[in-house]
Structure formats: structure tokens, C-alpha cells
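Coordinate inspection notes
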Amino acid sequence: MPNSKLESFLVADIGSAQTKVGLVDLVGEEFRFIGAAACPTTINPPDTDVLTGLTHAIAQIQARTGRALLTEDQQVLTPERPIGGGVDAYVAVTSAPAPLRVAIVGLSREVSLQSAIRATQGTYAIVAATLALDEVAGRWMRPIASASSEPTTGAPATAQDPAVVAATALAQANPEVIVIVGGIDGGATTALYDLTNLVATLVAAREESARPTLIFAGNRDARPHINARIGQIAPLRVVDNVRPTLAQENIAPLRHELEALYAEKKIAWLPGMNALSSHLAAPPLATARAFENVVRFLARRYGLGVLGADIGSATTSVVMARGETYTRVVCADLGIGRNIVNAVTRDGVLAPLDWLPLDISADEARQDWFNHALRPLAIPTTREEVYLMHAAARAALATAARQGGIDPADCDLVLLTGGVFANSANPGALALLALDALQPRGIFTLAVDALGLAPAFGALAAISPAAAAQVLERDGLVTLGTVIAPLSRNRDGVVDLRVQVQPADGGALGYEVPHGSLELVPLATGQKATIQARVTSGVDLEGATRGTFKAQIEGGALGLVLDARGRPIALPDDAEKRRAKIQQWYWDIGGEVSYD
Amino acid sequence: MTDAALPLLAETRVLPFTRIRRERVLPTRGMVLSAPGARVSALDVVAKSSASGRLYPVPLARYLRTTEAALPKYLVKKPGEDVQARDIIAAKPEWFGTLQRVYRAPGDGRIVAQQGAWLAIELTGESFELKALYRGSVVNVMPRLGVVIEATGALVQGVWGVGGEANGVLHVIGEDPAGRLTEERIDISTRGCILVAGEADEMALRRAAQERVAGLILGGLEPRWGDLVKTLALPTLITEGWGVHALAAPIFQVLAAHNGEEASLNTTSPTARPEVFIPMPATSSSGETALPPPPLTLQVGARVRVVGKTHFGEIGTIAQVPTAPRVLSGITAWGADVELSGGERWFAPWENLELIG
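Residues numbered from 1 in each chain as written. Chains lettered and ligands numbered in written order. Predicted model: local features only at pLDDT ≥ 70, side-chain atom pairs only at ≥ 80, totals over all residues. Heavy atoms only, no water.

1. A short note on the interface of chain B and chain A
Contacts between the two partners involve 66 residues from chain B, matched on the other side by 72 residues from chain A. Contact with chain A buries area across many residues of chain B, yet Leu-8, Arg-62 and Trp-118 of chain B alone supply 14% of it, more than any other trio. Our count for the chain B to chain A interface comes out at five salt bridges. Linking Asp-368 of chain A and Lys-309 of chain B is a salt bridge whose minimum nitrogen-to-oxygen distance equals 3.2 Å. The interface formed by chain B and chain A contains 12 residue pairs in polar contact (both at pLDDT 80 or more). Of the residues forming the side of chain B that touches chain A, the biggest block, six residues, is contributed by strand S9 (residues 99-104) of chain B. (Contact = heavy atoms within 4.5 Å. Buried area = accessible area lost by both parts, 1.4 Å probe. Salt bridge = Lys/Arg side-chain N within 4 Å of Asp/Glu carboxyl O. Polar contact = N/O pair within 3.5 Å; in protein donor to acceptor, adjacent residues only side chain to side chain. Helix = DSSP H or I, 4+ residues; strand = E, 2+ residues; numbered from the N terminus.)

Here you go:
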């Protein structure tokens, strides 16, 4: 519950690779961010206690700020002491536990299973197996002559029976959670009961302590029977049908249940979490959930469509919120650290190396990425490494957004957080990364979470909304700039946009932006300007009235970005031309990585 | 700056003479064969489990062309009963009792569950024998699960491993840490050995599997051969990282000092680092007694290994800890000045260092 008397806070983000802690305090009338530190997350040998890493990070803040935060026995000093030192409250988020291994069984792959998979994608869960009754070509329910009539000796039941094959695969997947879905409310139940019998058999075959949790999210009318068949064997949780009608999808209840299970079965069992929880002002939140809170808060507060993306070491999550509606996707196997190899090898979205201005061989890139998976905290120290890291981040972000069905056209603010965006001194490269990966269109603002603690501030909001909001706005979010990105059918070189920029304190500037190019108009943070953008024939700019858009904007770390590359962004087929073009974009946006 | 201001670093343990404890645990519950205090050698079986636990679910009511309600009366074998291959599990009379429709067990096993129309058989697999792997003493028994072994000897941790466990004689290829393992170096004399080299090529990996080499310890391995060693099921440990890398000098020194001696390779833990262990008596010839690994402390003078790309794998010591962060490749980073073994002084972000020793 929010408490207005709380004035100082520690916020912690326990990631799969790194634990970050931030200190927030009331300075004058306003909450400000005071300092932060990070340590490796300590959940694997030789340190198997999250508190080790957390305490070490807090000790670093203590040493850097000179403020006493720990007692002699290394406990967080709470509440804040009148003579200084300590904090009033302590909150934490985590994405450190492995995702839940979920199996989904249902009647129809294209209907109920798809809905359940979408619900799972919104949480820290991996779909380890699926079984759809309609996928075994209707043979499931049909009697087959696989048992023999004696005295004639027939062949015994064969493993080729699709039902047996599917059921065996389900058993071998060894899920921690089995979700049963199927049937619209009031629909037929017979097939669902047969499916439940199979699940009950598999579950009953396991030792009681090793049985998965079962969730039923199917035909409401089947609940009593399902409970009678399975409720005695394993813990059964019942939630609303994911498909109450064929036309209606309702995945939120299942998603919430999976989220609760993640908290119970994973977060609570992190080594040291029990001791940590007793010191926290609120139960530890899953990082993606806390980040969702931040995105939804910003969407509500400013009445904007906000697209938030968090790229972690093991997980990438994307949230799209407008008003009270939101979509969230959590890819618990995609990241730029431990799961970087998945990010760059996941097929279909974009080939990571195609987006680099450098001629790097696939072998060289693979070696770099594989080594980064071994040591996910290692910081890039060469130009090539930085580009390869950005390439992986692009791939993770693009894959997650597509998997979540996120429509980047509907956003006014794109907010980026995660290790790659925190502490970076190269806003141009970050902006280009986000524009390439998400390919948002229209007119929107780009912002990054410079502290890398936005999800933790989402947890802080539960006990002090004012502190979370003020720190996010004053210290956490750094505006990169405003982006104008129209759709265009023009050929390269044909002018897409004509933009007039009238800074409040200077002369007017005019820009003609040809298709296929990027243009950066420097506008410093806080500098105001009036812009008027006119699109040419064949160009469509969302938000423009009769081809013209006029607004007052504020600058940022970059300024105004005119992205006339069209959507989707087309890359030349020829590798040399492609690299030259990408290099040009890096130069145009001021994102060239110069360190070597 | 005090020690409290220093971060935690990852550690690679390289211990010429130490005392360790390791849990040896069955994959499924079974029987422990060793008692506390027992001396065990690496190949001694300390526990075993009888069944693989592979479940075989059967839609039995459908096979018998009956209903789930009627199924129980046709069951010849009930849940909990053992079955042998082709035993009749269920029989349903047909044609006025002149024939019967039967379902026979697909293999040896045990009926573990029957719910509604389905029945599950746990098929008996090969019994699993858990070897001690570490020569030492059993200091604790976990009933039905396994044992804890205390052992003394040399320990080297790797960064990546695959292929399970191996025990064999250490065979160091070449005179230096960068020795390249080629197929010509592998023959009948290397069978059962754990080969130590800086790198290996594809043909060497294939030959090693063919010649039944017990395992490989490599400085690095090209990523494209990662899947190959998994396919070959060849226990392999990498000490430095992916790519062509020599073994770190301290690691090579320990392994070379025990060339020709028995060693164990363990790459099975999902959370702990893969490791090589070379058993030695609890008291060395110089009268030194093996002690548990002392903690590594990050301080000026501490030995570190660079794990970032620049100076990758080089060993050095912490020379100085700056009191402010620096900007590296567009990222603000805290770190330390490291004096590398070649004498060069270089600022490294903490994230790009690990303690070694």
C-alpha cells in the first residue's frame, strides 16, 4: 500500500546475470536518484544466495555515497535514521529464476492452444510441449486395432499410434505446469475428459513431490468433472476459459495464474529469497510485470501510446500500452547475455549480420556471441564487439515484438531499457538499434532508461507512486528525441519529407529528406522548437492532416530524427552496398562507434 | 577506496593441492551402495537406480473398444504391479467368450497409473550406475539419492563443458599451453586418456571419439565444433572460451605437472562450473596437508584473468583501483588498472575480469 511517510528507498533488480541496486531519497520537495551499484547475481556456486550479490552492491553504494545503509551484520538499515543513514523501505524485482516449463494440452491447435500459447508468452514461461487432439488427424478418438484378439496373436500396441507418440512426448517434456484448454463455454466435453484422463495418468505416474501443477482454462461447464478426475491427483487451479466463444479470446486469467505460479514456484525458491522477502516492503515482483507497471503508468499519466522494450541477459520483454489496454510479451529464452545465441539464431525476423556496417565473418561473429553467452557481464571493448552486441539486441527486440504481435504504429513514446541501453554514451547507436528493430512509424518520442532500473521503479510504485514517478521522470528516463518516420512508396533519392524547424531561440532551418535516408536535426535537451513537416506524393505520415504535421517539440540527447527509410526498411541485396548504406545511417544519426 | 566498494567478481579455481567435497546424486531415486567412511576410487559404483523411468502412456479403453467406466473390470494387472514384455495387462472377452481382445505389455516395467481410459507403464531401462568419479572418502550418505565424497588433489575449473563425466590418464599434447590436437596425435595409445591441448580441429575430434579417448581438456574450441562434440558424446571441457585459445598459464602448469596421472572430468552440473580433478594423497611428499579452497579476495595484487575481448585470457594482477568510472566504447564502466603478465598496464572494466587461483 502506498505510504506517503516513506522518504528513502533501496530498489533492487536481481537479473539472471547481474544484480543492480539504486538508492532514492527525498531531496527538498522531490524524490531523486542518489546512486547505484551492480554485482553479479549470486544464485549459482560458489555463492548460492541472492543476498551476497545484493549486499555487496549496497555496500558499494554505501562506499560511494558515504551513507550508511548496512548494519554491522550486513542487514539493510531500516527505517531511515534521524541523524542520516538507512532507508525507509526496500523493494526488489527479479528475472533470475529459470522460466516455468509449461506443457499445453487442448482440443484444437489453431484455437484454444494458440490462445494458451499467447497467454504463456506474456510470462516467464517456456512452452516445453504441446498436445492438440485435432493434430493426431482425428485418430485419437477412433478405435484402432492395436490390441489383439486371442487366440489369434496380433501385434501389441505400437508406438506409431499418434496418441501414444504425443502422450509420450508430453511425458518426456517433464513440465512443471500442465495447462488444459479446450471447448467453448457450454460446448461438448467428452474429448476434453479423455484429454484430462491422459494428463491425470501421466501426473499420477510421477512421485507426489514431483507432480506438475495443473491449470484448467477450458470449457467452464467441464470444471466439476475435470476437478473430479484430476483434483485428487495433483494441485488443480481453475481459471476462466481462454476461449469462452470461438470469436472471443480471454487470456488474462491464465496469464495471471502463470505469473502467480512463477512467483510461488520460482521467485520464492531463489536461494536467499526467503530471507530477502522478510526485509522487503512488498513481495518481490517479476521484472516484466514491474516493467509493465511503468509502461502502463506512463501511458495513463500522459495519455500516450507507449511501447516499452526491456532487453535483459536472458529475457526480452515488450509492452504496448494505451489508456487501460495493454499487450505484453515475455521471451524468456531471448536476451543479449546468457541467451544471446538464441537471439541471433532464432530464424526469420532479421539476419543480425545484415544490419552491421562492418564486414564481419559469420564465424567471427558466432565466436563473439558464444563467448558473450559464457560471460554475459563482459563489456564490449572494441568497435566490432559493440556492433555485434547491438546486432544481437536488434534481433532479440525484433523477434520479441513480432512474437507478441506488437503494432509499432500505435505508439507515441518508445521507451528502451536493459543493460545495452544503460550507461551508454552513444545515443545515436541506441536510437538506430531501436528504429531498425521495432520499425515504429508515425511521429513519436524515443527515450531510454539511463539507469537501467525502470522495472525496479515499477516495484517502487506499489509503495510510493510519487517517488517512482518523480525519479523516473527526473533521473531515469532520458529523451533521445522526436522521430518522424513516414511510410513511403518512393524510390531511393526521391524526397519524402520537407521539414521546417523553428527553434524558439534561433533561426528557421529547412530540410528535404530523400527516401532511404536519415536526417538528424540537433536540438538540445530542453530546447523547444516548432516543426512543420510536409510529406510528398506517395508518402503517408500517421498523425498528419492533409499531408502536413505541425507541432512544438522539445529536444533531447539527439534532437529531431527524420527517418525516411520507409517501412519495412529495405536493405540492398549487395553486401557492400548494404554495409555502405548502414554506415551512412550510423553517420547520419551520429551513432558511429569510435572507440577501439 | 575500501574493499566494500569493490564488486564481486566471477572466480576460476585453479588449485594445485586442495580438499574438496562433491555431491554424487542419482538422476532418479535408487539405492546407495556406499557407507559413510568408505574409501572409494573414481570407478567405484556408489549408487544405482534400476529403472530409467520412461513413461509409456496407453489409451487402453480405446484399444479394448470399451468405455472408461468398464475398463477396470478388464484389467488383469493393476497399478503398482510389475509386468514383463508381452504380459497381458488387460483382456476383454469377445464373441461370447470365444475370443478375447487383449493388450500386452510393450516391455518390462511397472504399471504406475490408470485414470479413466488411460494407463501408464514405466518401462524398465538399463540400470544406472553412479560412479564415485572423485577418489576419496564417503563423508555423507543421502538415502536413495547418493553420497558426498571428500577428496584431495588438484582442481581446475573450466568455463564450458559437455559430454558428461570421464576418468582416465592425463595426456598433455605438446610442450606448451597452445598445443594443437590433430588426428595424427591420437592413436591406440591415447585410448582411455584425457587429452590436454590448446585447441583441436574437426578431424581430431572425430578421431578422438573413434579411438575412445576418455575426454578432452582444451583452451578453446571453434563454435562450429560445439555441436559436433555434443553429437560425439565426447566429454569435453574448455578452460578459456570459444575460439582458438591457449590454456591459461596457471591451468597448464597444474595439468602438465600431473601428465600421466589419473584424472576425472566432470561436465554434468547445470549450475556449477565444469572441472578436472586429479586425486592426490591428503598429505603431500613435503608434508603439506590439503585444505579446503581458501576464498579469493579482490584487492590490489589479486591475480585476475581478462575475460573481455581485448587481452582475452591474459593473466595479470590488480595494480590500482581508480575512484571514478571511465567511458569505454560508449559505456561508462567502473574497473581497475591491471598489470598484465607482459608488463603492460591497462584499464579493465570489472565485468571483464575474473579472479583466478
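So, next bit.
2. Topic: the environment of Gly-158 of chain B
All names here are of chain B. For Gly-158, the position within the fold is in the loop between strand S14 (146-157) and strand S15 (160-162). Taking the relative accessible area as the measure of exposure, Gly-158 reaches 0% and is therefore buried. The spatial distance from the C-alpha of Gly-158 to the C-alpha of Gly-241 is 8.8 Å, given a sequence separation of 83 residues. In contact with Gly-158, not counting residues within four places along its chain, are Leu-237, Ile-238, Thr-239, Arg-273 and Pro-274. (Buried < 20%, exposed > 50% of the residue type's maximum accessible area, 1.4 Å probe, protein only.)

3. Observations concerning unusual backbone geometry
Omega for the bond connecting Pro-45 of chain A with Pro-46 of chain A falls within 30 degrees of zero, at 5°, which places this linkage in the cis form. One can find Pro-46 of chain A in the loop between strand S3 (30-40) and helix H1 (50-65). The residue after Arg-567 of chain A, namely Pro-568 of chain A, is reached through a cis peptide bond having omega -5°. Assignment of secondary structure puts Pro-568 of chain A in the loop between strand S25 (559-564) and helix H15 (575-588). A positive phi angle, near 65°, is found at Gln-74 of chain A, a position not held by glycine. Not every positive phi belongs to a glycine, and Arg-86 of chain B is a case in point at roughly 75°. By secondary structure assignment, the location of Arg-86 of chain B is in the loop between strand S7 (82-83) and strand S8 (88-94).

4. Describing the confidence of the model for chain A
Confidence along chain A averages 90 in pLDDT terms, with 94% of residues attaining 70 or more. Within the model, the stretch residues 141-146 of chain A combines pLDDT values under 50 with 15 contacts to residues more than four positions away or in other chains. (pLDDT = per-residue confidence, 0-100.)

5. Notes on the packing of helix H4 (residues 190-204) of chain A against helix H5 (residues 223-230) of chain A
All names here are of chain A. Across the interface, H4 lies against H5 with an axial gap of 9 Å and an inter-helix angle of 25°. What the angle tells us is that H4 and H5 run roughly parallel. Like other packed secondary-structure pairs, H4 and H5 cross with a definite hand, here right-handed. Counting all contacts with H4, which are made through Leu-192, Tyr-193, Thr-196, Asn-197, Val-199 and Ala-200, the residues of H5 involved are His-225, Ile-226, Arg-229 and Ile-230. Taken together, the residues of the contact of H4 with H5 break down into six nonpolar, three polar and one charged. (Axes fitted to C-alpha atoms, helices over the stretch in contact; angles between N-to-C directions. Parallel < 35°, antiparallel > 145°, perpendicular 65-115°, else oblique. Left-handed = near helix turned anticlockwise from the far one by under 90°. Nonpolar A, V, L, I, M, F, W, Y, C, P; charged D, E, K, R; others polar.)

6. Focus on the environment of Arg-220 of chain A
All names here are of chain A. You can see Arg-220 is positioned in the loop between strand S9 (213-216) and H5. On the basis of relative accessibility, which here comes to 39%, the residue Arg-220 falls in the partly exposed class. When the C-alpha positions of Arg-220 and Pro-465 are compared, they lie 38 Å apart, and in sequence the two are 245 residues distant.

7. Points about the pattern of salt bridges
Residues and elements named next belong to chain A. Applying the stated criterion across every chain, the model contains 55 salt bridges over all chains. With a closest N to O distance of 2.6 Å, Glu-259 and Arg-289 form a salt bridge. Of this pair, Glu-259 sits in helix H6 (residues 252-267) while Arg-289 sits in helix H8 (residues 287-302), placing them 30 residues apart in sequence. A relative accessible area of 11% places Glu-259 in the buried class. The structure contains a network of salt bridges with shared partners spanning Arg-255, Glu-259, Arg-289, Glu-292, Arg-296 and Arg-328.

8. A word on the confidence of the model for chain B
With 97% of its residues at a pLDDT of at least 70, chain B reaches an overall mean of 93. Interface predicted TM-score (ipTM) for the complex: 0.91; the corresponding pTM is 0.91.

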